[in-house]
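Residue strings, one per chain:
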Amino acid sequence: MTTSNRNAEKAKTLGRAPSSLFKMYIGLITVYLLAEIAFNISLLDVAGGGGSSDEVDRIEVIGRTLSSFGLGLVICRFLFKRQLKKKGSYGEVNYALLGMFLLAMTYAFYHLQNMAIEMYSESRSAQDRSDAYLLMAVKQGIANNAISIDGMEFLNNNLDSTETKTVLTLFGPLVYSSTEFRQRLHRNRNAYITTIAEREHEKYVRSAYNAYVELSNSRGKLADLYVEVDRTVRTEARKKASEMYDSVISGVNRSNVRVNRQGYANQRVYNQIDQNIRSATGLRGPGRFNLRDRNDFINKMLPQMVTPDKIREAMNRELRKEGSQFIFDRNLRSEDNVKPNQSRQQFLQSPFLNIHLYYHLTKVSPSMEMFLYRGVSGGLDKLFSTTNRGAVIRLDAEGLVPWGLQFNDFSRLTRGNLVYNTLDSMNVRLKNIQESSNSRTGSQYVKALWVPAIALSLSLMMIFVNAMSMIATIVTYMFSGNHHIASKLAEHLIKFSIIGVFMLLVVTVPYAANSEVTESKPYKALIERTSQIQPHAAWLIDWTVRTQPILERYARPIQRMTGWSE
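Described in the following lines is the structure provided in the data block. (Residues numbered from 1 in each chain as written. Predicted model: local features only at pLDDT ≥ 70, side-chain atom pairs only at ≥ 80, totals over all residues. Heavy atoms only, no water.)

## Looking at helix 15 (residues 308–321)
- Given a rise of 1.5 Å per residue, 14 residues ought to cover 20 Å, and the 20 Å separating the end C-alpha atoms of helix 15 matches this to within 8%.
- One or two residues past the end of helix 15 sits G323, with phi positive at roughly 75°. (Helix = DSSP H or I, 4+ residues; strand = E, 2+ residues; numbered from the N terminus. Expected span 1.5 Å × (residues − 1).)

## Considerations on the packing of aromatic side chains
- Inspection of every chain in the model, using the stated rule, returns 20 aromatic pairs.
- Ring centres 5.3 Å apart and planes at 80° place the aromatic pair Y209 and F407 in the edge-to-face group. Of this pair, Y209 sits in helix 11 (residues 189–217) while F407 sits in helix 20 (residues 407–435), and the two are 198 residues apart along the sequence.
- A relative accessible area of 11% means that Y209 is categorised as buried.
- Relative accessible area serves as the criterion here: at 22%, F407 is assigned to the partly exposed category.
- Through successive ring pairs, a cluster of aromatic residues spans Y209, Y212, Y358, W403, F407 and F410.
- Sitting above the plane of the Y110 ring, R64 keeps its charged end 4.8 Å from the centroid. (Phe/Tyr/Trp six-rings, centres within 6.5 Å; stacked < 30°, edge-to-face > 60°. Buried < 20%, exposed > 50% of the residue type's maximum accessible area, 1.4 Å probe, protein only. Lys NZ or Arg CZ within 6 Å of the ring centre and 35° of its normal.)

## Section: the packing of helix 5 (residues 95–123) against helix 21 (residues 443–479)
- At a minimum axis distance of 9 Å, the contact between helix 5 and helix 21 shows a crossing angle of 135°. In terms of axis orientation, helix 5 runs oblique to helix 21. In the crossing of helix 5 with helix 21, the sense of the turn from one axis to the other is right-handed. Every residue of helix 21 that contacts helix 5 at Q113, I117, E118, Y120, S121 and E122 is listed here: S443, V446, K447, W450, V451 and L458. (Axes fitted to C-alpha atoms, helices over the stretch in contact; angles between N-to-C directions. Parallel < 35°, antiparallel > 145°, perpendicular 65-115°, else oblique. Left-handed = near helix turned anticlockwise from the far one by under 90°. Contact = heavy atoms within 4.5 Å.)

## Topic: unusual backbone geometry
- Positive phi is not limited to glycine here, since N145 has a value of about 55°.
- Mapped onto the fold, N145 is located in the loop between helix 6 (126–143) and helix 7 (153–157).
- If you check the backbone angles, N341 has positive phi at about 60° while not being a glycine.
- On the basis of relative accessibility, which here comes to 52%, the residue N341 falls in the exposed class.

## What to know about the pattern of salt bridges
- Applying the stated criterion across every chain, the model contains 15 salt bridges.
- The closest approach of N and O atoms between E118 and K447, which form a salt bridge, is 3.0 Å. Note that E118 is positioned in helix 5 and K447 in helix 21, a separation of 329 residues in sequence.
- The partner of D409 in a salt bridge is R412, and the shortest N-O contact between them spans 3.6 Å. Highlighted residues: D409 and R412, both in helix 20, separated by 3 residues, approximately one helical turn.
- Overall, D409 belongs to the partly exposed group, its relative accessible area being 33%.
- Assessed through its relative accessible area of 47%, R412 is described here as partly exposed. (Salt bridge = Lys/Arg side-chain N within 4 Å of Asp/Glu carboxyl O.)

## Considerations on the packing of helix 11 against helix 20
- One can describe the packing of helix 11 onto helix 20 by two numbers: an axis separation of 8 Å at closest approach and a directional angle of 135°. What the angle tells us is that helix 11 and helix 20 run oblique. Of the two possible hands of crossing, helix 11 and helix 20 adopt the one that is right-handed.
- Of the residues in the contact of helix 11 with helix 20, the class split is 13 nonpolar, 7 polar and 5 charged. (Nonpolar A, V, L, I, M, F, W, Y, C, P; charged D, E, K, R; others polar.)

## With respect to the environment of L551
- By secondary structure assignment, the location of L551 is in helix 24 (residues 535–562).
- C-alpha of L551 to C-alpha of I37: the two residues are 514 residues apart in sequence and 8.2 Å apart in space.
- Excluding its chain neighbours within four sequence positions, the residues that come into contact with L551 are I37, N40, L460 and I463.

## Quick look at helix 23 (residues 521–533)
- Its 13 residues give helix 23 an end-to-end C-alpha distance of 19 Å, which sits within 8% of 18 Å, the value for a rise of 1.5 Å per residue.
- Where helix 23 is concerned, the buried positions are Y523, L526, I527 and T530. Burial along helix 23 is one-sided: seen end-on, the buried residues are contained in an arc of 95°. The outward face of helix 23, more than 90 degrees from its buried face, is lined by the exposed residues K521 and Q532. (Arc of directions from axis to C-beta.)

These figures capture arrangement, not role.
Have a look at this one:
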């Protein structure tokens, strides 16, 4: 082959980059950007809308995966570029290698992020972890408009705004470094938590009362069902016991057993009777009984034949036939189990019925557990066991809400219970965090406070970095078929000019518009206080708060299009 032919072949080989690779890469970035933008808004809705630490943890896993994939795409671009340049030497682009590398980068970055988060949260002191727990409670209280903090009232005035949701998402970095705020938080924690609990009570007390009334009204039907089932089970048991008596006496008569004047026989006779009954029915025999007295035999056999389990099973069968959602399924201690042969009133006041009613009510409305009785950690059946069996199921100081209350009385009692239980739960958790030697105790609150802030900033950064990567890739592709020096200079000039203008707009445009939140004196004071400790973090927080509203204008339609909602 001549030199001219070799040059022609090389020029042909070094022609335009394979369009399939270009389309694949641009397609991946496009899909990633759509997913990242949708996630960004969903994260804002959860973390800035009062989401719990569990909800934040779930969405954080998704965010960590997306950001790892986005970083992998950026790094893969350099491989993509090298593959194009080396196409003349290495032949076709190795798509499998690029795909495996992208997956490997995603996996590696995901676990590196996870390790960094775990190391940071577990390295915090017990005081930091307990402060994070309180800050999370206050943050959720603000997001739910249940509490207003002095100096931060601007948040409550604009709860639905993107700026407020962003500030709440970035709540950790904003206030965590403020010693004064954390001290004030501990001084006023009981007042804050009480207010949050009372607002929570106001929000749910009406629906809770409606569920309470509905279940309270069903007590009469359940008592009637018990009376009917107990009568039926006892009647059937007496009939079977009577048949067993006839069989026993028939055997005794055939054996010509000697019976004394009182109707009793030798102990060996009773032993044989017990053995015969056990082999035939699996039940124990009655022991010594008057052989001439049918009722004596029946009464001694009934305790084994009319058991709490049989009554409960019979009641559940009837409830299932009626299609009822109420089932007697609690595993209770023997003293709290259903008792045979009770009156209707005794059943209505029994621990068995009331424990099941209360637990069923907590299934219908989970918040009812905190509403209905104090000391939830002790267990409801434990409280019932300490009450007077003949009185209404209620203790005066620490106890249960009785049935049949009017709304005002129900509201007063349940508000007191909720406040007590919420404060008690808070103090128990703080004590566990501060006294535990395990660094993981309470670390979930540090993560719930810091991870959303990091994830939101990282999400914005990855959106813009991948957008710039897409621009650079398109420009590179446009010039990939031309290897002249002038063409390469033009490529770099156009690429850097577009990216430079893009970066300038990203940095400056958010500061062109102001909002009520960003212009408020408390917000500016928070940013100023943060800048004194970490200037770069203060700028990033302020830029994020100002950028999110711009992104949201375009992100909401994308979120609806992808079907990714809160």
